[in-house]
Amino acid sequence: MSNNREDIIVDLKKYFRQQKELGIEYFYMTPVNRDSGVDEKTSDISDGEAKLNEDTHQMNLLNSTAKKMTLDEISEEIGDCTRCKLHEGRTNIVFGEGNANARLVFVGEGPGRDEDEQGRPFVGRAGKLLTKIVNAMGLQRTDVFICNVVKCRPPENRNPEADEMTTCGQFLTKQLISINPEVIVCLGSIASKYLLNSKGSLGSMRGKFHTYGNSKLLVTYHPAALLRNPNFKKPLWEDMKIVLKELQLPIPGD
Ligand code: SF4
């Protein structure tokens, strides 16, 4: 595919037409420009033609049709994945776990060492803190769904790179379409910037709901940040109160 914008549009129109002929009616897209306050939800093909942009993140999402898969089907599709370089150092794929019909989903950036060893998300020190936060909300881990943008551990716990998030992000998109939660909580700036397609700081993204598909999305601190700086505990709890209010659940302690 050419890098020229006009050629990209022509190629995408052709792609949309082919997909339509295959019976695919909808494409799931994240907001094109969050800063404008304009949120794009599920777009039909003719709308999609009018809303093209050059962002590679959007290009990735074009591959994620709105066909709703079960989590088992998504896991099966991931298989013994070698789609990006993160497969080279992993012990286990960390798919995510929890309630397949969760009203609330937590999304981090990627598995760490403990998660890689156990094949489960958020089970190390930061994970235990996340469990405490979930419990403090009056919930259990089994009530919510917990996952990451990338399913394999980045070496030395480095941040996932853009190409890795773009490649693996298709599975997160499918998970979120499958679960269709009312609220998504993004833990930390990496996952938040990815899901919101934003270059903004965590501070600028916090404190308000964004839209992701059918869900409301709230940005907050990664539990690992709380381990480094306990001053983040109070603002994080304020964020969780916003979530509980949105879900019309009681706020413990209030
Ligand atoms: S991070 Fe995702 S895309 Fe990359 S190898 Fe693992 S499962 Fe596959």
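Please refer to the structure higher up on the page.
Report on the accompanying structure. (Residues numbered from 1 in each chain as written. Predicted model: local features only at pLDDT ≥ 70, side-chain atom pairs only at ≥ 80, totals over all residues.)

Notes on the overall build of the chain
Broken down by element type, the chain carries 11 helices and 8 strands. Taking all contacts inside the chain whose residues are at least 6 apart in sequence as the whole, residues at least 24 apart take part in 73%. (Helix = DSSP H or I, 4+ residues; strand = E, 2+ residues; numbered from the N terminus. Contact = placed C-beta atoms within 7 Å.)

Some thoughts on the nonpolar core
Core analysis: the biggest nonpolar cluster contains 51 residues, and V105, V107, V144, I184, V185 and C186 have the highest contact counts within it. When residues in this core are grouped by element, the largest group, 7 residues, is from helix α7 (residues 162-179). In this view, V185 contacts L104, F106, L218, T220 and V243; residues no more than four positions away in its chain are not counted. (Core = buried A, V, L, I, M, F, W, Y, C linked by C-beta atoms within 7 Å. Buried ≥ 20, exposed ≤ 12 C-beta atoms within 10 Å, placed from the backbone.)

Digging into unusual backbone geometry
The phi torsion at F122 lies on the positive side, around 50°, for a residue other than glycine. Mapped onto the fold, F122 is located in the loop between α5 (113-118) and α6 (125-136). The exposure class assigned to F122 is buried, which follows from the 28 C-beta atoms found within 10 Å. Located in the positive-phi region is N180, a residue other than glycine, with phi close to 50°. The topology assignment puts N180 in the loop between α7 and β6 (183-187).

Notes on the pairing of strand β5 (residues 145-148)
Burial of β5 is two-sided: the residues F145 and C147 facing one way and the residues I146 and N148 facing the other way are all buried. Here strand β3 (residues 97-98) pairs with β5 via 2 bridges, running antiparallel. Across the sheet, the residue bridging to E97 is I146, located in β5. By the bridge criterion, 4 bridges tie strand β4 (residues 104-108) to β5 in an arrangement that is parallel. Of the residues in β5, the one forming a bridge with V105 is F145. (Pairing = 2+ DSSP bridges.)

Some remarks on α6
Every α-helical turn comprises 3.6 residues, leaving residues that sit three or four positions apart pointing alike. Its 12 residues place the ends of α6 17 Å apart at the C-alpha level, agreeing with the 16 Å of an ideal helix rising 1.5 Å per residue. Buried within α6 we find A126, G127, L130, I133 and V134. Each buried residue of α6 lies within a common arc of 110° when the element is viewed along its axis, so the set occupies one face. For α6, exposure combined with an orientation more than 90 degrees from the buried face picks out K132, N135 and A136. Where α6 is buried, its residues meet β4, α10 (223-228) and α11 (233-246). (Expected span 1.5 Å × (residues − 1). Arc of directions from axis to C-beta.)

Comments concerning the sheet that holds β3
Strand order in the open sheet formed by 6 strands is β3-β5-β4-β6-β8-β7, with mixed pairing between adjacent strands. Unpaired on one side and paired on the other, β3 and β7 (210-212) mark the two borders of the sheet.

Comments concerning the site of the ligand
Around the ligand, 14 residues are found, and the nearest of them are C81, C84, H87, C152 and C168. The greatest single-element share of the shell around the ligand, amounting to 3 residues, is contributed by α7. Here the shell around the ligand is composed, by residue class, of 8 nonpolar, 3 polar and 3 charged. (Near = placed C-beta within 6 Å. Nonpolar A, V, L, I, M, F, W, Y, C, P; charged D, E, K, R; others polar.)

Examining the packing of helix α4 (residues 71-78) against α7
One way to put it is that α4 packs onto α7 with a least axis distance of 9 Å and a crossing angle of 170°. By the angle class used here, α4 and α7 are roughly antiparallel. Seen from α4, the contacting residues are L71, I74 and I78; seen from α7, they are F171, K174, Q175 and S178. Split into classes, the residues belonging to the contact of α4 with α7 amount to 4 nonpolar, 2 polar and 1 charged. (Axes fitted to C-alpha atoms, helices over the stretch in contact; angles between N-to-C directions. Parallel < 35°, antiparallel > 145°, perpendicular 65-115°, else oblique.)

Considerations on the environment of D116
Residue placement: D116 occurs in helix α5. Judged by C-beta crowding, with 21 C-beta atoms within 10 Å, D116 ranks as buried. In sequence terms D116 and R153 are 37 residues apart; their C-alpha atoms lie 6.0 Å from each other. Excluding residues within four positions of it along the chain, D116 makes contact with R90, T91, N92, V94, P111 and R153.

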